[in-house]
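Given next are the chains, with one letter for each unit.
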Amino acid sequence: MSGVVPTAPELPTGEMENQTMSPTAVSDPPPDYNSHFVPGPGGLAVPPPAGLPMGHNVLQYPGAIPLYHPTGGAHPIQYQPGKYPMTNQPAPVMWMPGPAPMPSCPPGLEYLAQLDNIHVLQHFEPLEFMTGYETNNRYDIKNNIDQMVYIVNEDTDDYTRNAYRSLRPFVLRVTDCLGREIMTMQRPFRCTCCCFCCSCARQELEVQCPPGVTIGFVAEHWNLCRASYSIQNQKKESVMRVRGPCATYGCGSDSVFEVNSLDGASNIGSIIRKWNGFLATMGDADHFEIRFPLDLDVTMKAMIFGTCFLIDFMYFERTPSRHSSG
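Looking at an unreviewed UniProt entry, one finds the protein chain named Phospholipid scramblase and attributed to Mesocricetus auratus. If you open the UniProt record of the protein chain and go to Function (unreviewed entry), you find "May mediate accelerated ATP-independent bidirectional transbilayer migration of phospholipids upon binding calcium ions that results in a loss of phospholipid asymmetry in the plasma membrane." Taken directly from UniProt, the Sequence similarities (unreviewed entry) text for the protein chain runs: "Belongs to the phospholipid scramblase family."

Attention shifts here to a nonpolar patch on the surface. Together, Y159, Y164, L167 and F189 make up a nonpolar patch on the protein surface, roughly 430 Å² of accessible area in all. Inspection of the secondary structure assignment puts L167 in the loop between helix 4 (158-164) and strand 4 (170-175).

Glancing now at the pattern of salt bridges. Tallied over the full model, the rule gives 14 salt bridges. For D254, the salt bridge identified is with K274, shortest N-O distance 3.8 Å. With D254 in the loop between strand 9 (238-243) and strand 10 (255-260) and K274 in strand 11 (residues 267-274), the pair connects residues that are 20 residues apart, well separated along the chain. Exposure remark for D254: the relative accessible area of 37% places this residue in the partly exposed category. Here K274 ties to E289 by a salt bridge, and the two come within 3.1 Å at their closest N and O atoms. Taken together, the residues span a long stretch of sequence, with K274 in strand 11 and E289 in strand 12 (residues 287-291) at a distance of 15 residues. The pair K274 / E289 is uniform in exposure class, with both members buried. Each of E134, E154, R168 and E317 takes part in a single network of salt bridges with overlapping partners.

Going from C209 to P210, the amide bond is cis rather than trans, its omega being -5°. Inspection of the secondary structure assignment puts P210 in the loop between strand 6 (204-208) and strand 7 (214-220). Of note, S104 is a non-glycine position whose phi angle comes to about 55°, a positive value. Following the sequence through the fold, S104 ends up in the loop between helix 1 (13-19) and helix 2 (110-113). A positive phi angle, near 65°, is found at K236, a position not held by glycine. Along the chain, K236 falls in the loop between strand 8 (228-233) and strand 9.

Glancing now at the sheet that holds strand 3 (residues 148-154). The strand order 1-2-3-4-5-6-7-8-9-10-11-12 describes a closed barrel built from 12 strands, whose pairing is antiparallel. Put simply, the sheet's adjacent strands are angled 20° from each other on average, direction ignored. Bridging between strand 1 (residues 117-122) and strand 12 involves 5 bridges; their strand directions are antiparallel. Bridged to I118 within strand 12 is I290. Packed onto the sheet, helix 6 (residues 298-316) meets strand 1, strand 2 (138-142), strand 3, strand 4, strand 5 (181-187), strand 6, strand 7, strand 8, strand 9, strand 10, strand 11 and strand 12 and runs at close to 35° relative to strand 7.

Overall, the coordinates contain 9 aromatic pairs when judged by the stated rule. Seen in terms of ring centroids, F305 and F309 are 5.1 Å apart; in terms of plane orientation they differ by 90°. Their pairing is edge-to-face. Remark: F309 and F305 occur in helix 6; sequence separation between them is 4 residues, near one turn of the helix. Here F309 falls in the buried class, since its relative accessible area comes to 0%. Ring pairs connect the aromatic residues Y111, Y139, Y150, F305 and F309, which therefore count as one cluster. Above the face of the F217 ring, K236 is positioned so that its terminal group lies 4.8 Å from the ring centre.

Definitions and cut-offs
Residues numbered from 1 in each chain as written. Predicted model: local features only at pLDDT ≥ 70, side-chain atom pairs only at ≥ 80, totals over all residues. Heavy atoms only, no water. UniProt positions renumbered as here; feature names shortened; annotations may be inferred. Patch = residues over 30% accessible without salt bridge, like charges linked within 9 Å, V, L, I, M, F, W, Y side chains within 5 Å. Areas by Shrake-Rupley, 256 points an atom, 1.4 Å probe, with all protein chains shown as cover. Salt bridge = Lys/Arg side-chain N within 4 Å of Asp/Glu carboxyl O. Helix = DSSP H or I, 4+ residues; strand = E, 2+ residues; numbered from the N terminus. Buried < 20%, exposed > 50% of the residue type's maximum accessible area, 1.4 Å probe, protein only. Pairing = 2+ DSSP bridges. Axes fitted to C-alpha atoms, helices over the stretch in contact; angles between N-to-C directions. Contact = heavy atoms within 4.5 Å. Phe/Tyr/Trp six-rings, centres within 6.5 Å; stacked < 30°, edge-to-face > 60°. Lys NZ or Arg CZ within 6 Å of the ring centre and 35° of its normal.

This is the structure in structure tokens:
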């Protein structure tokens, strides 16, 4: 008949119950997926990185930055090579190889026996520059290939530093790569209110190596035009003299202090205060170069080395400006 609408054939009661799925029923597993992927040869098994949970076996590609493993159990993060810098770590300090002990050489001075040139680099102190608060001076002593030879630290109390400034008495301690104090330099206080020609107003530096054993002195001599010093042995007998330029602070040029024999006939070495540009006008960040003959007696090298610090305090230790709070 034309008015009858065809309907789907009725199913048996059992089959209809099978089609009615309960919410908790589990469906049949999906059919197997047959792809066209052909596995290649097996490679080396890479163990999972330490600290990762099971199942996080991530390969390390050549040139990739090591994974960062957070402690909260999150997935590891791997940065693109060359995209981000490595973790900021202090650069390792390259020390000069330790020489063998030498007979009749004070312990620690064996380094100087192998050198004819050293550089004295003072640390720049931002706190001192910004606040005017005088801090202890620190120096790095390096050779020509930028290897550390010694470290020099000032050991002066806060009151003395800030009350007397560049005229302060001080103690400088020289340490080697093992942290041993191999040399001590001391400057006593000298009253500058007296006449410059009076001996009690002249600056003096005592050098001890090892600490407690005096090997010599550096004594200032009065001169109308230029800096003048004598380098003395432990008996305060003059053995060398040092003469500076007429203008010790040369703007735009180096300041050279010549080390000569007592009669002035021969030049032994020099202490050169390097002009380091705009940084030299901002604060105390001096750079000295010390030159002496390679075969010079090692104690005399140490005395020239000590003279450099007396020159620095007397002529290049500028008092930082005090900024007003108003």
